[in-house]
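Coordinate inspection notes
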Amino acid sequence: MTIIASLLRSAELPDSPTARLDAELLLAAALGKPRSFLHTWPERIVSTEAAHAFDGYLKRRRTGEPVAYILGLQGFWNIDLEVAPHTLIPRPETEMLVETALELLPGAIPHTLLDLGTGTGAIALSLAKDRPQWSVTAVDRVEDAVELAERNRQRLHLDNAKVLHSHWFSAVEGQRFDLILSNPPYIASDDPHLAEGDVRFEPSSALVSGADGLDDLRLIVSQAPAHLEAGGWLLLEHGYDQGAAVRELLLEHGFEEIKTRRDLGDHERITFGRVPC
């Protein structure tokens, strides 16, 4: 017989700041319980089946496979999302895009939004849930990602959102939005971080954007004005060292009120601007 506390103590995972959290998430999943259960009932006996499942999860995690892919689920903002290896794992810093969009647009007024490269649907669906009076369009060029985001949309019962197959703006020609936002690929093709950590398991097409990491950001900034209403906003996540370059891109294409916000690590993380009214 094995108890919860003993399993957690004996869990062997690579030394990292999240090792304990990883073990707790995996054990809770094996037990079919929330994490709080582990702390409330540390002396509970774990069934043989659950112990075997936990051991299997640990073996996968030791290879570097992200916990989100092992469990197929990731929390983001105010929702839980199905995730899969053909999409990026939603990260806490990306929640800044959601937070900023909610600040920029009056909540009581209907607005139209476009999420470019939606992946799991994290950004679009979070906004659709928080603002049911808004109309949110999410697009992605990867068909598997579109299907995944649509499953998340249906599971969350968000009728004010729709998911389209589109290479950036290709499926929304002639349409204009009050706000466009995106967490596009922004890593340089030779960045050594691509061979480290969880990123090794994520799709390179959702990470890499040319020699300097700015190819997709250039395209979005250049095409966004034709798809924004007068006074509309463009919000972009980017790399920690790309803030100045993105501000310059926005300025070159006529955006005003350009600002950059820093993440909790004090890195420049999102930059946004407004087309003239």
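Residues numbered from 1 in each chain as written. Predicted model: local features only at pLDDT ≥ 70, side-chain atom pairs only at ≥ 80, totals over all residues. Heavy atoms only, no water.

Note the cut-off: UniProt positions are given in the numbering used here, feature names are shortened, and annotations may be inferred rather than shown by experiment.
As named in an unreviewed UniProt entry, the protein chain is Release factor glutamine methyltransferase, taken from Pseudomonas graminis. Under Sequence similarities (unreviewed entry), UniProt gives the following word-for-word description of the protein chain: "Belongs to the protein N5-glutamine methyltransferase family. PrmC subfamily." Note on the protein chain: under the UniProt heading Catalytic activity (unreviewed entry), the record states "L-glutaminyl-[peptide chain release factor] + S-adenosyl-L-methionine = N(5)-methyl-L-glutaminyl-[peptide chain release factor] + S-adenosyl-L-homocysteine + H(+)".

**A word on the pattern of salt bridges**
Applied cut-off: Here a salt bridge means any side-chain nitrogen of Lys or Arg lying within 4 Å of a carboxyl oxygen belonging to Asp or Glu. Where helices and strands are cited, they refer to DSSP runs of H or I of at least four residues and of E of at least two residues respectively, numbered from the N terminus.
Summed over the entire model, instances satisfying the criterion amount to 16 salt bridges. A salt bridge links E150 to R153; the shortest N-O distance between them is 2.8 Å. Separated by 3 residues within a single helix, E150 and R153 lie in helix 8 (residues 143–155), roughly one turn from each other. The network of salt bridges with common partners includes R247, R262, D266 and E268.

**Things to note about the packing of helix 6 (residues 95–104) against helix 7 (residues 122–130)**
Quick reminder of the rule: Every axis corresponds to a line fitted to the C-alpha atoms, with the helix fit spanning only the stretch in contact, and the corresponding angles, defined between N-to-C directions, vary from 0 to 180 degrees. It is the rotation of the near helix from the far one that decides the hand of a crossing: anticlockwise by less than a right angle makes it left-handed, clockwise makes it right-handed. Whether two residues are in contact is decided by their heavy atoms: any pair within 4.5 Å suffices. Residue polarity follows a fixed list, in which Ala, Val, Leu, Ile, Met, Phe, Trp, Tyr, Cys and Pro are nonpolar, Asp, Glu, Lys and Arg are charged, and the others, Gly among them, are polar.
Viewed as axis vectors pointing N to C, helix 6 and helix 7 meet at an angle of 40 degrees, and their least axial separation amounts to 10 Å. Seen from above, helix 6 lies across helix 7 with right-handed handedness. Contacts between helix 6 and helix 7 involve L97, V98, A101 and L102 from the first element and I123, S126, L127 and D130 from the second. Its residues assigned to classes, the contact of helix 6 with helix 7 shows 6 nonpolar, 1 polar and 1 charged.

**Brief notes about the pairing of strand 7 (residues 161–165)**
Quick note on the threshold: Pairing between two strands requires that DSSP report at least two bridges joining them. Orient the strands so they point away from the viewer, and a crossover whose first-strand-to-second-strand path over the helix runs clockwise is right-handed.
For strand 6 (residues 135–140) and strand 7, the ladder comprises 5 bridges, and the chain directions are parallel. Paired with T137 across the strands is K162, a residue of strand 7. Following the chain from strand 6 across helix 8 to the adjacent parallel strand 7, one finds a crossover that is right-handed.

**A look at the packing of aromatic side chains**
Put simply, the test is: Centres within 6.5 Å are what make two rings of Phe, Tyr or Trp a pair, Trp counting through its six-membered ring; a difference in plane orientation under 30 degrees is then read as stacked, over 60 as edge-to-face, and the rest as tilted. We call a charge positioned over a ring when the NZ of a Lys or the CZ of an Arg lies within 6 Å of the ring centre and within 35 degrees of the ring normal.
Applying the stated criterion to the full structure yields 1 aromatic pair. For the cation-ring pair, R131 lies above W134, with the distance from its terminal atom to the ring centre recorded as 5.7 Å.

**Concerning unusual backbone geometry**
One can expect most non-glycine residues to show negative phi and most peptide bonds to be in trans. Rule in force here: Residue exposure (1.4 Å probe, protein chains only): buried if accessible area is under 20% of the type maximum, exposed if over 50%, otherwise partly exposed.
Phi angles above zero are rare outside glycine, and W77 is one such case at about 55 degrees. Structurally, the position occupied by W77 is in the loop between strand 3 (73–76) and strand 4 (79–82). Overall, the relative accessible area of 32% leaves W77 in the partly exposed class. The phi torsion at D266 lies on the positive side, around 65 degrees, for a residue other than glycine. With respect to the element layout, D266 can be found in the loop between strand 10 (256–262) and strand 11 (268–274).

**Observations regarding helix 10 (residues 243–252)**
Using the following cut-off: Our arc is simply the arc of the directions from the helix axis toward the C-beta atoms.
Among the residues making up helix 10, those that are buried are G243, V246, L249 and L250. Angularly, the buried residues of helix 10 cover 125 degrees about the axis, an arc narrow enough to put them on a single face. Exposed side chains of helix 10 directed beyond 90 degrees from the buried face belong to L251 and E252. Of the surrounding elements, those touching the buried residues of helix 10 are helix 9 (215–223), strand 9 (228–237), strand 10 and strand 11. One or two steps after helix 10, the chain reaches G254, where phi turns positive at roughly 85 degrees.

**Topic: the domain arrangement of the protein chain**
This is how the line gets drawn: Residue ranges for the domains trace back to a domain assignment, done automatically or taken from a database.
In terms of domain boundaries, the protein chain breaks down into domain 1 (4–64) and domain 2 (82–275). Inter-centroid distance (C-alpha atoms) of domain 1 to domain 2 is 34 Å.

**Side note on the nonpolar core**
The line we're drawing: Residues belong to a common nonpolar core when they are buried Ala, Val, Leu, Ile, Met, Phe, Trp, Tyr or Cys residues joined through side-chain atoms within 4.5 Å.
Formed by 30 residues in total, the largest nonpolar core has its most connected members in L127, L179, L181 and L235. No other element matches helix 7, which puts 6 residues into this core. Contacts of L181, omitting those with residues within four sequence positions, involve L97, A101, L114, D115, L116, I123, L127 and L235. In this structure, V139, L217, L249 and V275 belong to the second largest nonpolar core, which totals 23 residues.

**As for the UniProt feature "binding site: substrate" (unreviewed entry) in the protein chain**
Here the UniProt feature "binding site: substrate" (unreviewed entry) sits at N183, P184, P185 and Y186. Examined against the element boundaries, P184 turns out to sit in the loop between strand 8 (177–182) and helix 9. Here P184 is in contact with W168, D216, L217, I220 and E237, once residues within four sequence places are set aside.

**Structural notes on the pairing of strand 6**
Summarising burial for strand 6: 5 of the 6 residues are buried, a large majority. Pairing analysis gives 5 bridges linking strand 5 (residues 112–116) to strand 6, with the strands arranged parallel. Residue pairing in the sheet places T112 in a bridge with S135 of strand 6. With helix 7 bridging strand 5 and the parallel strand 6, this β-α-β connection has right-handed handedness.

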